[in-house]
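# Results of the structural survey
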Amino acid sequence: MKRSLFAVSGLILAMSIFTSQAQAQVKWDLASAYPTSNFHSENLIQFANDVDKSTGGKLKITVHANASLFKATEIKRAVQGGQAQAGEIIEANYQNEWQIYGADGLPFLADSYEESAKLQAAQKPLIEKKLAEQGMLYLYSTPWPPQGLFSKKPITSASDLKGIKWRAYSPATARIADLVNAQPVTVQAAELSQALATGVVEATMTSSATGVDSKLFEHLKYYYDLQAWLPKNLVIVNKKSFDSLDKPSQDALLKAAASAEARGLAASKRINQEAKDKLKANGIQIMPPSPQLTADMKKVGDTMLKEWLEKAGPDGKTLLDTYRR
């Protein structure tokens, strides 16, 4: 009888411990729009693993890459509404919502990793405030490699882009198409390969990394290394979800985010050259832009900066003044 009581007591204790552990564990979904093989996604997965390890399994984050949970343009709203606890967005996609998000998509405003870091330092306080107003928290950002021009045909000046089917992924890239008299077609990264295969797209400005991810070498022949701007991905979290974590888990999450930001920057720099090497090996002609093309695109950048400042108002002036100090 005593043995039976001990066995029952042991079973109840084990069940109690199991239930306590199950209740203590928190599971999050993190939505992303890029392939698992992309360096941003690899960084997200490492970030999730770091959080799992540092919290002792209390916080488990599942990364949903390649727009498998939400499309790129849906991710921010999903995180804000709590459908996903966290997500990765490209800031420039949200310029129409608030102009400050689009600052890093302005051609030739910040055209190197050093300048990109300065611009993000100026953007960050403003973006943190805006996200807080919307019930979200800024975790970390990672720059894409510098943006260049992929094309089916040789491009020596902006006039060669007239009428060409131009892939746009943000308000800024759509505006570039307008200014060079191209035909803008909105296509997100996950849909780019199909758009090229069906002739919907003939040219695009994007990074060398996206060129490899989307196998642009199967459809396009030229890559002009304009290094026009470095758009950034931003990892955000629903504030209520963050606040529901215990303090050690919050601290672990923020520490892992800081590590991910440093790791992502290093990966972006490394991937830029590796991707260009892969593009070349697969038949893409990697070329410097002609002086005329560079001059034409810088004029486009000047026009867009002026337009952006008019729309951005005092926040835009504050950002630009801070960046240029």
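This text goes with the structure placed above it.
In what follows, the accompanying structure is described. (Residues numbered from 1 in each chain as written. Predicted model: local features only at pLDDT ≥ 70, side-chain atom pairs only at ≥ 80, totals over all residues. Heavy atoms only, no water.)

## Re the sheet that holds strand β11 (residues 285–287)
- Spatial ordering of the open sheet is given by β7-β6-β8-β5-β9-β11, a layout of six strands whose pairing is mixed. With partners counted over all chains shown, the strands left at the sheet margins are β7 (183–186) and β11, one partner each. Here the average twist between neighbouring strands, direction ignored, is 30°.
- Where strand β6 (residues 165–168) lies against β7, four bridges are found, and the strand directions are parallel. Residue pairing for β7: A168 is matched across the bridge by T186.
- Helix α5 (residues 171–179) rests against β6, β7 and β8 (203–207) of the sheet, and its axis sits at about 160° to β6. (Pairing = 2+ DSSP bridges. Helix = DSSP H or I, 4+ residues; strand = E, 2+ residues; numbered from the N terminus. Axes fitted to C-alpha atoms, helices over the stretch in contact; angles between N-to-C directions. Contact = heavy atoms within 4.5 Å.)

## Some words on α5
- Regarding α5, the residues found buried are A172, T173, I176 and A177. In an axial view of α5, the angular spread of the buried residues amounts to 150°, which keeps them on one side of the axis.
- The secondary structure elements touched by the buried residues of α5 are β6, β7, β8 and α10 (291–323).
- Taken from the residues just after α5, N181 is the one with a positive phi, measuring 65°. (Buried < 20%, exposed > 50% of the residue type's maximum accessible area, 1.4 Å probe, protein only. Arc of directions from axis to C-beta.)

## Notes on the nonpolar core
- Formed by 66 residues in total, the largest nonpolar core has its most connected members in L149, W166 and M205.
- Element by element, the count of residues in this core is highest for α10, at 10 residues.
- If we skip the residues at most four places from it in the chain, L149 touches I155, L161, W166, T204, M205, Y222, Y223, Y224, L226 and L293.
- If you look at the next biggest cluster of nonpolar residues, it comprises 20 residues, including L44, V51, V237 and L253. (Core = buried A, V, L, I, M, F, W, Y, C linked by side-chain atoms within 4.5 Å.)

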